[in-house]
Amino acid sequence: MAATQDLSQRDDEIDLGALLGTLNDHKWLIGIVTGIFFMISTAYALLATSIYQANAVVQVEQKVPDLPGLSAITQTLGASNSEATTEIALITSRTVIGKAVNNLNLTMEVSPQRFPLIGNFIARHYSPEQTGAVASAKLGLSRYDWGGARLGIFQMDVSDTLLDKPLVLIAGERGTYTLLDNDGGTLVNGQVGQYVNGHGVTMQVKSLAANPGTHFNVVRHRELAVINNLQQSINASEQGKDSGIIALTYESADPELASQLLDQVSEIYVRQNVDRNSAEAANSLKFVKEQLPNVRRDLEKATAALNAFQIRANSVDITMQTKALLTQEVAVETSIQQLRMQLADIERRFTPQHPAYQALMQQIGQLQAQKDGIDKQVGNLPDTQQELLRLTRDVQMSNQTYTGLLNQAQQLDIGRAGTVGNVRIVDKAAVDITQPVRPKKLVVIFGGTFLGGFLAIALVFLRQMLNRGVEDPSAIEQLGLPVYASIPISLEEQSISTHGKHLHRDGKQHLLVINAPADLATEALRSLRTSLHFARLEAKNNVLMISGSSPEAGKTFVSANLAAVVAQSGQRVLLIDGDMRKGALHKVVGGNAENGLSELVSGQIDLVAATRVVAPLDSLYFIARGQIPPNPSELLMNSKFTALLDQLKPLYDLIIIDTPPILAVTDAAIIGHQAGTSLLVVRFGLNQPREIALAKQRFEQNGVEVRGAIFNAVEKRSAGYYSYGYYDYKTTK
């Protein structure tokens, strides 16, 4: 139990050397996976369609107030000097983008069909010898465009059932074409420059340059869908806080289209801004002109009243104190009148709950309070001075208001007739065709290669974590099973092994020790023969049972080749296939499975008929499994099987019995009672420590002592607790 805990603790520790060794052991897998990702990334970087970005810049200037004092109102409201936030929404509005879509006919999507994967790459790198030339069809595939094919559709209207449906236009001879629906049915046949109509399609092709038979994909999109898509694709953002500089970007595989679209959006937006400002100026001008006659009458009336008073009072002059009060009162009253005019203009556009309306009312209230204070001071003046101040104030106030309205009318008239708004194009749309924004080739290649290497390393470690099979013989020995031999894996072994999918069915002998006597695995089997010689000295008989904890451990390979290598030493050896369920020893030593152990135990044949010599070894004999019986365990428990072994023991120096896995069936436990020596085959990287311990426990529960283990199919590792020096020690040819 303590040994098992120590092994578990060791497994939980992180060994940097072991990790590096694992990577070194799987360097070819990591290199191959990384190389595949490198090639895929390189192919994608070269073959992927390049995406270009168009850029444009517009500036939003502070808007000139329509009426005097409006900037003060804006400041009172706390509004920003930059109007970019509002203008960004206007730039990407359906009104602006919709006009650009109509001007550029973007509801039509036309693209030539190209050969999969490499077609776009070939077409992009086609260099025509003459302007407008079209590349000839390659490999006889005339339906694809290999470079230079163009289709321009001036107008195309389709029925609602064909909207957003892929249609195919096939180029014909001398400017003819055929339009097909997505089911291959003909919609219209036409000629370049002519209107055609039929099956819900009305169209006129403006230009067509392609080889006869070239296919074009044609889709008539819904206008609103195109506008919504462009609203998401066109990016408008303010450069810096309150700068009023708006940058526009748009990405497309067609750099010319990207540039044209941003130019259209910028120009339409500027024109729309000019028209909007002109309309606002016209509305304000109308309001000002409506107020001018009233203000002029007030001015004339105030002037006449002042003249009449001066005549009656014999030209009374204003004192210095009265003049100071007059100046203050005129300034305040003029401001109140201007604010009232703005209030009248705002009332036409907003409700009394609007912040601008409430700000005006607040300013009027403040000025009215100042005016009331001045009126109290005027009340202390003599009556003549009070009257003269009132009349003079009315004249000056009316005169200033009238003059201000005349000036504002002139400014608004100029603004209404002008062609300049408060936005302008700083940079027209431009595209750098030498630097596509996607794909970034070096980034794709290096990123893909890194991803491949990372996934390969992750796969190696994942396999290492999931496959916790024993890779160190010390782990087996800690379970109480001495390791009699470690048999390395070899190419020859893999070719003749009975595990896996490639089983020999030709009836010939496929023994490693005979076909490859200098193989490292053969040398290990000879070492096992020596170890068994001393282990059997204390055995109760000459019967050796070889089993395993699970299938595919290689017990059949070990049994057959161990029997052969012992026979080579001059001993008489009998090899028995005790796996009457799936035994495959006959595929290794040659012959077939019939007339074997099952028939012998059941009394159908005698010992002479069941025993065969394994050529070319005269001292190696073999009994196959026989026909698969319905009751293998019952046959082995029969006294006839015990009698058979008692009859065979004096005839041979060693009897080797290959049995089924102990964790699968109980046959090995039954045979183990008859064997003097029992060994367990453990496969490198396959059998887990818990599995081996459970197999040992299963044998012990049935009264069978397992003397040791054979570590099979050992692979060379760069790091570990055990090294196999014989990997580098081979016989010189």
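None of the values given here were measured: they were computed from a predicted structure. (Residues numbered from 1 in each chain as written. Predicted model: local features only at pLDDT ≥ 70, side-chain atom pairs only at ≥ 80, totals over all residues. Heavy atoms only, no water.)

1. Section: the overall build of the chain
The following threshold applies: What counts as a helix is a DSSP run of H or I of at least four residues, what counts as a strand is a run of E of at least two, and both are numbered from the N terminus. Only protein chains enter the area calculation, which uses a 1.4 Å probe; residues under 20% of their type maximum are buried, those over 50% are exposed, and those in between are partly exposed. A contact between two residues is defined here by any heavy atoms of the two lying within 4.5 Å.
From N to C terminus, the chain includes 25 helices and 20 strands. Relative to its 733 residues, the chain shows a buried fraction of 44%. Taking the intrachain contacts of the chain between residues at least 6 apart in sequence as the baseline, contacts between residues at least 24 apart amount to 79%.

2. Quick look at the pattern of salt bridges
The condition that has to hold: In what follows, salt bridge is the name for a side-chain nitrogen of Lys or Arg lying within 4 Å of a carboxyl oxygen of Asp or Glu.
Tallied over the entire structure, the rule returns eleven salt bridges. Two residues, Asp164 and Arg222, come together in a salt bridge whose shortest N-O distance is 3.4 Å. A residue pair is termed long-range when its members are at least 10 positions apart, and Asp164 in the loop between β3 (150-158) and β4 (167-171) and Arg222 in the loop between β9 (215-220) and α8 (223-233) qualify at 58 residues. Between Glu267 and Lys428 there is a salt bridge, and its shortest N-O distance comes to 3.3 Å. You can see Glu267 sitting in helix α9 (residues 255-312) and its partner Lys428 sitting in strand β12 (residues 423-431), a full 161 residues away along the chain. The partly exposed category is assigned to Glu267, whose relative accessible area is 38%. Owing to a relative accessible area of 49%, Lys428 belongs among the partly exposed residues under this scheme. The network of salt bridges with shared partners includes Asp263, Glu267 and Lys428.

3. Describing the packing of helix α6 (residues 94-104) against α8
Counted only if it meets this: Every angle, taken between N-to-C directions, lies between 0 and 180 degrees, and every axis is a line fitted to C-alpha atoms, over only the stretch in contact when it is a helix. Definitions for this section: a left-handed crossing has its near helix turned counterclockwise from the far helix by less than a right angle. A right-handed crossing has that turn clockwise. In this count, Pro and Cys sit with the nonpolar residues alongside Ala, Val, Leu, Ile, Met, Phe, Trp and Tyr, while Asp, Glu, Lys and Arg are called charged and the others, Gly among them, polar.
Where α6 meets α8, the closest approach of the two axes is 10 Å, and the angle between their N-to-C directions is 115°. Here α6 and α8 pass one another in a crossing that is right-handed. Along its contact with α6, which presents Arg94, Ile97, Gly98, Val101 and Asn102, the element α8 presents Glu223, Leu224, Val226, Ile227, Asn228, Leu230 and Gln231. Here the contact of α6 with α8 is composed, by residue class, of six nonpolar, four polar and two charged.

4. Notes on unusual backbone geometry
If a residue is not glycine, its phi is most likely negative; likewise, a peptide bond is most likely trans. With an omega of -10°, the peptide bond running from Arg438 to Pro439 counts as cis. By the element assignment, Pro439 lies in the loop between β12 and α13 (441-466). Here the bond from Ala615 into Pro616 is cis, since omega is 5°, no more than 30 degrees from zero. Along the chain, the position of Pro616 falls in the loop between β16 (612-613) and β17 (620-623). Despite not being glycine, Asn105 has its phi angle at roughly 55°, a positive value. Here Asn105 shows up in the loop between α6 and β2 (108-112).

5. Considering a nonpolar patch on the surface
Stated precisely, the cut-off is as follows: Residues enter patches when they are more than 30% accessible in relative terms and free of salt bridges; like-charged ones are connected within 9 Å and nonpolar ones (Val, Leu, Ile, Met, Phe, Trp, Tyr) within 5 Å. In these tables, accessible area is a Shrake-Rupley quantity obtained with a 1.4 Å probe, and a residue counts as shielded only by the protein chains included in the view.
Residues Trp28, Ile32, Ile36, Phe38, Met39 and Ile40 make up a contiguous nonpolar surface patch of roughly 690 Å² in combined accessible area. What makes Met39 exposed here is its relative accessible area of 54%.

6. Re the confidence of the model for the chain
Put simply, the test is: Every residue carries a pLDDT, the predictor's confidence in it, which falls somewhere between 0 and 100.
Looking at the chain as a whole, its pLDDT mean stands at 82, while 82% of the residues score no less than 70. When the criterion is pLDDT under 50, residues 721-728 qualifies, and its contacts beyond four places in sequence or with other chains add up to 23 contacts.

7. Overview of the pairing of β4
Consecutive side chains along a regular strand alternate between the two faces of the sheet. Rule in force here: Strands qualify as paired when DSSP identifies two bridges or more between them.
Of all five residues in β4, four are buried; the element is thus mostly enclosed. Across four bridges, β4 lies against β9 in antiparallel orientation. Residue pairing across strands places Ile170 opposite His215, the latter belonging to β9. By the bridge criterion, four bridges tie β4 to strand β5 (residues 176-180) in an arrangement that is antiparallel. Paired with Leu169 across the strands is Leu179, a residue of β5. Linking two consecutive strands that pair antiparallel, namely β4 and β5, is a turn of four residues; a positive phi of about 50° is found at Arg174 within it.

8. Notes on α13
Note the following rule: Each helix should span, by expectation, one fewer than its residue count multiplied by 1.5 Å.
Between its first and last C-alpha, α13 extends 37 Å over 26 residues, near the 38 Å set by a 1.5 Å rise per residue. Every buried residue of α13 is listed here: Ile445, Gly448, Gly452, Gly453, Ala456 and Val460.

9. Structural notes on the sheet that holds β16
One open sheet holds the eight strands; their spatial order is β13-β20-β19-β14-β18-β15-β17-β16, and the pairing between them is mixed. A single partner strand is all that each edge strand has here, and the edge strands are β13 (483-488) and β16. Bridge analysis of strand β14 (residues 543-548) against strand β18 (residues 654-658) gives four bridges, and the strand direction is parallel. Of the residues in β18, the one forming a bridge with Met545 is Ile657. Taken strand by strand, helix α23 (residues 639-648) contacts β15 (573-577), β17 and β18, and its axis lies near 160° from that of β15.

10. A few points about the packing of aromatic side chains
Keep this limit in mind: To pair, rings of Phe, Tyr and Trp, with the six-membered ring standing in for Trp, must have centres within 6.5 Å; the planes then decide the type, stacked if under 30 degrees apart, edge-to-face if over 60, and tilted in the middle. For a lysine, the NZ atom is tested; for an arginine, the CZ atom; a charge sits over a ring if that atom is within 6 Å of the ring centre and within 35 degrees of the ring normal.
Tallied over the entire structure, the rule returns four aromatic pairs. Between Phe115 and Trp146 the ring centres are 5.9 Å apart and the planes differ by 25°, which places this aromatic pair in the stacked class. Residue Phe115 is found in the loop between β2 and α7 (119-124), and its partner Trp146 is found in the loop between α7 and β3; the two are separated by 31 residues along the sequence. Each member of the aromatic cluster is reached from another via a ring pair, and the members are Phe115, Tyr144 and Trp146. Here the guanidinium or amino end of Arg143 rests over the ring plane of Tyr144, the centre of that ring lying 5.5 Å away.

11. Quick notes on the nonpolar core
We apply this condition: What is meant by a nonpolar core is a set of buried Ala, Val, Leu, Ile, Met, Phe, Trp, Tyr and Cys residues, joined one to another through side-chain atoms within 4.5 Å.
Judged by nonpolar contacts, the single largest core of 45 residues is most densely connected at Ile476, Ile576, Ile623 and Leu648. Not counting residues up to four positions away in its chain, the partners in contact with Ile476 are Val470, Leu481, Val483, Val682, Ile692, Ala709 and Phe711. Leu525, Phe557, Val614 and Leu679 belong to the second-largest nonpolar core, a separate cluster that totals 40 residues.

12. Section: the sheet that holds strand β1 (residues 52-60)
Within the open sheet, the four strands sit side by side as β10-β11-β1-β12. Their pairing is antiparallel. Here the strands that pair on one side only, and so sit at the sheet edges, are β10 (235-238) and β12. Taking the axes of each pair of neighbouring strands and ignoring which way they run, one obtains an average angle of 20° across the sheet. Sheet analysis places β1 next to strand β11 (residues 245-252), joined by eight bridges and oriented antiparallel. The partner of Val58 across the bridge, within β11, is Ile246.

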